[in-house]
Amino acid sequence: MPTVKYQKGDKVMGRWPGSSLYYEVKVLSFDTTSQLYTVIYKDGTELELRDQDIKVEPPIFSPIQNAGAKPEAEPEKNQARYNLRRRKDDGAAKAAAVVPEQLQREAVKVEAAPAAVLSTPLDFGGKIGAYLWLLFLPSWVLFMALQVNLEDPSLANFPPPLPPLEAFWDAQAFGFVILWILFQVVLYILPVGKLSEGMSLRSGKRLKYRTNGFFAIAVSAVAVAAAVHQGVDLTYIHSHFLQLATASFLVSVLLSVYLYVRSRYAAPEQLALGGNSGNVVYDFFKGHELNPRIKDFDLKFFCEMRPGLIGWCLINFAMALAEMKQHGLDAPSYSMILVNLFQLLYVADGLWNEEAILTTMDLMHDGFGFMLAFGDLVWVPFTYTMQSYYLVSHPNPLSVPAVAALVTLKLGGFYIFRKSNSQKNNFRRNPSDPKLSHLKTIPTATGKSLLVSGWWGVVRHPNYLGDLIMALAWSLPCGFSHLLPWYYMIYFIILLVHRDCRDMSECRRKYGSAWEEYCRTVRYRIIPRVY
């Protein structure tokens, strides 16, 4: 049994994450599994700290206080602190402080002590879960690539027959994948487009990103059109789908190994809290380094937005050509056109608003390891294209009224998704923007505020609601004959539920009692109640 140094109720000094400042805290509990103490600061913020982040020295008040000044009395329980206020009444034109001002006055800076290694509670099933995910994710992609190719892809035919080993590898397919990635690299590094500034890191630094994704997809579209005009047969992508997926998997593994090896030499402040467990397999899976870069080339940002995302649209287009070729059509079916256009709009919108990804969990908190490398290069292009692949061999005729209804559904979901995301991103980047002064917020002890009006006052994740409606619009053109084309809808529900749980846990830890007040104010998570 591990020795518990500090007992419930002990008053000690706790380090504020990401700084060398210590404040008086009270110990609430100790988790023997995670080896973390839950403590509460004087302003009501609850955090989980490692043993290394806690000291027993009495408070030494900052020299910025006047000589002979007495420490402030502990404020009363600050339930009134978390009242709803409009932005223009906040007095919040100032930039939000990373450390609460109330705590700054009683800070103890420890210069001699080395910075403790910071981490966060493990997710995705912890260390055992990492092993399972490393096996499951490639196996699932293989299953889908084989199942969708069957004449009858129903689950009654599970498992699909395995082809011989030599069928998985094709040197030309591997060369095609490498060429595609290099082409996207060239487009990324061209001095075209805006240099955007990312969110503040724990060190206070802000990285710069070349956000020219829409330029990249436009040039890619021109290049593909030129290739088709010159007689290049893109139906090769349909006939070599398995080999292309295998080649992309190999690239993702090699990239993941490189990322983990280089992360072993990264400075502590460059590591991701979520991938800093000390377990090799878990950190390899989750991502050890937060923002791995080769000079100014950001590997995570590039992989998130370029080869897989634009490749998704390329594969869909190739499937439309394969449908025409296989059925002797002069044009793709309505179902194929809708799937292509709906998903192209989704990708093009993401690249047009590429700057918005800089405020997402993937960029701000998750390290770059196998989870994201595989997801970006394999999972997205080879599982999100299941609807178009399915329609090649399993056409589903649609009437004009059905097409109109699906377009209306898609545009409705897209409107909710785009408006709510834009509101969130604008608020995160500039909370004092006069255009947002009508929005109500709840202030938190971190200096940031929580939106409780506008789109974010209806449900906690209005962007997820829009995403789900769009996912439904992508799946309906495939009909109801088989479950396989509904994979994305099912997967997305599971993904969003998991993300919601991660958000809840992280925000409860980060914002303390302010988050509890937020949950009482905005009760519904994703689906609003209709009265």
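Throughout this document, residue positions are counted from 1 along each chain, in the order its sequence is written. Thresholds applied to this predicted model are a pLDDT of at least 70 for local features of residues and 80 or more for the giving and counting of side-chain atom pairs; totals over whole chains, interfaces and linings are not thresholded and use all residues. The basis for every side-chain value is the complete set of non-hydrogen atoms in the structure, without hydrogens or water.

1. Some thoughts on the UniProt feature "transmembrane region" (unreviewed entry) in the protein chain
Part 1 of the reasoning: In the UniProt entry, the feature "transmembrane region" (unreviewed entry) is given for residues 128-148, 168-190, 211-229, 241-261, 364-386, 398-417, 438-459 and 471-497.
Part 2 of the reasoning: Helix makes up 59% of residues 471-497 and strand 0%, and the two end C-alpha atoms of the span are 15 Å apart. UniProt positions are given in the numbering used here, feature names are shortened, and annotations may be inferred rather than shown by experiment. Helix and strand assignments come from DSSP, with helices taken as H or I runs of at least 4 residues and strands as E runs of at least 2, each series counted from the N terminus.

2. Observations regarding the packing of aromatic side chains
Each aromatic ring pair is summarised here by two numbers: the centre-to-centre distance and the angle between the ring planes.
Part 1 of the reasoning: Centres within 6.5 Å make a pair out of two Phe, Tyr or Trp rings, where for Trp the six-membered ring is used; the pair is then stacked when the planes are under 30 degrees apart, edge-to-face when over 60, and tilted otherwise. Inspection of the entire model under this criterion finds 35 aromatic pairs.
Part 2 of the reasoning: Geometrically, the ring pair formed by Phe-30 and Tyr-37 is tilted, given 4.6 Å between the ring centres and 50 degrees between the ring planes.
Part 3 of the reasoning: Seen from their ring centres, Phe-370 and Phe-374 are 5.2 Å apart, and the 20 degrees between their planes marks the pair as stacked. Remark: Phe-374 and Phe-370 occur in helix α12 (residues 370-383); sequence separation between them is 4 residues, near one turn of the helix. Accessibility classification places Phe-370 together with Phe-374 in one group, the buried group. Relative accessibility under 20% of the residue-type maximum defines a buried residue, over 50% an exposed one, and the middle range a partly exposed one, all with a 1.4 Å probe and only protein chains included.

3. Describing the packing of helix α10 (residues 334-352) against helix α13 (residues 386-393)
Part 1 of the reasoning: For every element, the axis is a line fit to its C-alpha atoms; helices are fit only across the contacting stretch, and the angle between N-to-C directions ranges from 0 to 180 degrees. For the pair α10 and α13, interaxial distance at closest approach is 10 Å and the crossing angle is 165 degrees. Classified by the angle between their axes, α10 and α13 sit roughly antiparallel to one another. α10 and α13 meet at a crossing whose hand is left-handed. Touching Ser-335, Met-336, Val-339 and Gln-343 of α10 are Gln-387, Ser-388, Leu-391 and Val-392, all from α13.
Part 2 of the reasoning: Polarity classes work like this: nonpolar for Ala, Val, Leu, Ile, Met, Phe, Trp, Tyr, Cys and Pro, charged for Asp, Glu, Lys and Arg, and polar for all others, with Gly in that last group. Tallied by class, residues from the contact of α10 with α13 come to 4 nonpolar, 4 polar and no charged. Orientation categories follow fixed angle ranges, with anything under 35 degrees roughly parallel, anything over 145 roughly antiparallel, 65 to 115 roughly perpendicular, and all other angles oblique. Should the near helix be turned anticlockwise from the far one by less than a right angle, the crossing is termed left-handed; should it be turned clockwise, right-handed. The contact criterion used is simple: two residues touch if any of their non-hydrogen atoms lie within 4.5 Å.

4. Focus: helix α16 (residues 487-511)
Part 1 of the reasoning: For a helix, the expected span equals 1.5 Å multiplied by the number of residues minus one. Its 25 residues place the ends of α16 35 Å apart at the C-alpha level, agreeing with the 36 Å of an ideal helix rising 1.5 Å per residue.
Part 2 of the reasoning: Remark: Gly-512 follows α16 within two positions and exhibits a positive phi of approximately 60 degrees.

5. What about the pattern of salt bridges?
Part 1 of the reasoning: Salt bridges are counted wherever a side-chain nitrogen of Lys or Arg sits within 4 Å of a carboxyl oxygen of Asp or Glu. Within the structure shown, the criterion is met by 10 salt bridges.
Part 2 of the reasoning: With a closest N to O distance of 2.8 Å, Arg-306 and Glu-354 form a salt bridge. Note that Arg-306 is positioned in the loop between α8 (299-305) and α9 (307-327) and Glu-354 in the loop between α10 and α11 (361-364), a separation of 48 residues in sequence.
Part 3 of the reasoning: Judged by its relative accessible area of 0%, Arg-306 falls in the buried class.
Part 4 of the reasoning: For Glu-354, a relative accessible area of 1% corresponds to the buried category.

6. Description of unusual backbone geometry
Part 1 of the reasoning: Positive phi outside glycine occurs at Lys-295, with the angle close to 60 degrees.
Part 2 of the reasoning: Relative to the helices and strands, Lys-295 is located in the loop between β10 (293-294) and β11 (297-298).

7. Some points on the side chain of Asp-376
Part 1 of the reasoning: Looking at the element boundaries, Asp-376 is found in helix α12.
Part 2 of the reasoning: At a separation of 3.5 Å, a polar atom in the side chain of Asp-376 contacts the main-chain amide nitrogen of Glu-304.
Part 3 of the reasoning: Not counting residues within four places of it along the chain, the set of residues in contact with Asp-376 comprises Lys-300, Cys-303, Glu-304, Gly-308, Phe-368 and Pro-381. Polar contact is the term for a pair of N or O atoms within 3.5 Å; when the atoms are in protein, one must be able to donate a hydrogen and the other to accept it, and sequence-neighboring residues count only if both atoms are side-chain atoms.

8. A word on the packing of helix α14 (residues 400-429) against helix α15 (residues 462-475)
Part 1 of the reasoning: Viewed as axis vectors pointing N to C, α14 and α15 meet at an angle of 155 degrees, and their least axial separation amounts to 8 Å. As summarised for this structure, α14 and α15 are arranged roughly antiparallel, according to the angle between their axes. Both α14 and α15 take part in a crossing whose hand is left-handed. Mapping the contact onto sequence places Leu-406, Leu-409, Lys-410, Gly-413, Phe-414, Ile-416, Phe-417, Ser-420, Asn-421 and Lys-424 in α14 and Pro-462, Asn-463, Gly-466, Asp-467, Ile-469, Met-470, Leu-472, Ala-473 and Trp-474 in α15.
Part 2 of the reasoning: For the contact of α14 with α15, the per-class residue count stands at 11 nonpolar, 5 polar and 3 charged.

9. A word on the confidence of the model for the protein chain
Part 1 of the reasoning: pLDDT is a per-residue confidence score from the predictor, ranging from 0 to 100. Averaged over the protein chain, the pLDDT score is 82; the fraction of residues at 70 or greater is 84%.
Part 2 of the reasoning: Scored below 50 in pLDDT, residues 58-98 makes 74 contacts in the model with residues more than four places away or belonging to other chains.

10. A word on the environment of Lys-205
Part 1 of the reasoning: Looking at where Lys-205 falls in the secondary structure, it is placed in the loop between β8 (194-197) and β9 (208-211).
Part 2 of the reasoning: Judged by relative accessible area, Lys-205 falls into the exposed class, the value being 51%.
Part 3 of the reasoning: With residues up to four places along the chain from it excluded, the contact list for Lys-205 reads Met-199 and Ser-200.

11. Focus: the side chain of Arg-293
Part 1 of the reasoning: With respect to the secondary-structure elements, Arg-293 resides in strand β10.
Part 2 of the reasoning: Leave out the neighbours within four places in its chain, and Arg-293 touches Leu-207, Lys-208, Tyr-209, Arg-262 and Asp-298.

12. Comments concerning the environment of Val-407
Part 1 of the reasoning: Within the fold, Val-407 resides in helix α14.
Part 2 of the reasoning: Put simply, Val-407 and Leu-338 are 69 residues apart on the chain and 7.9 Å apart in space, counted from C-alpha to C-alpha.
Part 3 of the reasoning: Here Val-407 is in contact with Leu-338 and Phe-342, once residues within four sequence places are set aside.

13. Examining the pairing of strand β1 (residues 11-15)
Looking along a regular strand, one sees side chains alternate from face to face of the sheet.
Part 1 of the reasoning: Burial analysis of β1 places 4 of its 5 residues in the buried class, which makes it a mostly covered element.
Part 2 of the reasoning: Note: β1 against strand β5 (residues 54-55), 2 bridges, orientation antiparallel. Residue pairing for β5: Met-13 is matched across the bridge by Lys-55. Paired strands, in this sense, are two strands between which DSSP finds at least two bridges.

14. Points about helix α3 (residues 171-189)
Part 1 of the reasoning: The terminal C-alpha atoms of α3 lie 27 Å apart, and with 19 residues this matches the ideal 27 Å at 1.5 Å per residue to within 8%.
Part 2 of the reasoning: Those residues of α3 not exposed but buried are Ala-173, Val-177, Trp-180, Ile-181, Gln-184, Leu-187 and Tyr-188. Angular distribution of buried residues about the axis of α3 spans 120 degrees; they occupy a single face of the element. For α3, the exposed residues set more than 90 degrees away from the buried face come down to Ala-171, Gln-172, Leu-179 and Ile-189.
Part 3 of the reasoning: One side-chain oxygen at the N-terminal end of α3 lies 3.1 Å from the backbone nitrogen of Gln-172; it belongs to Asp-170. This arc describes the spread of directions from the helix axis toward the C-beta atoms.

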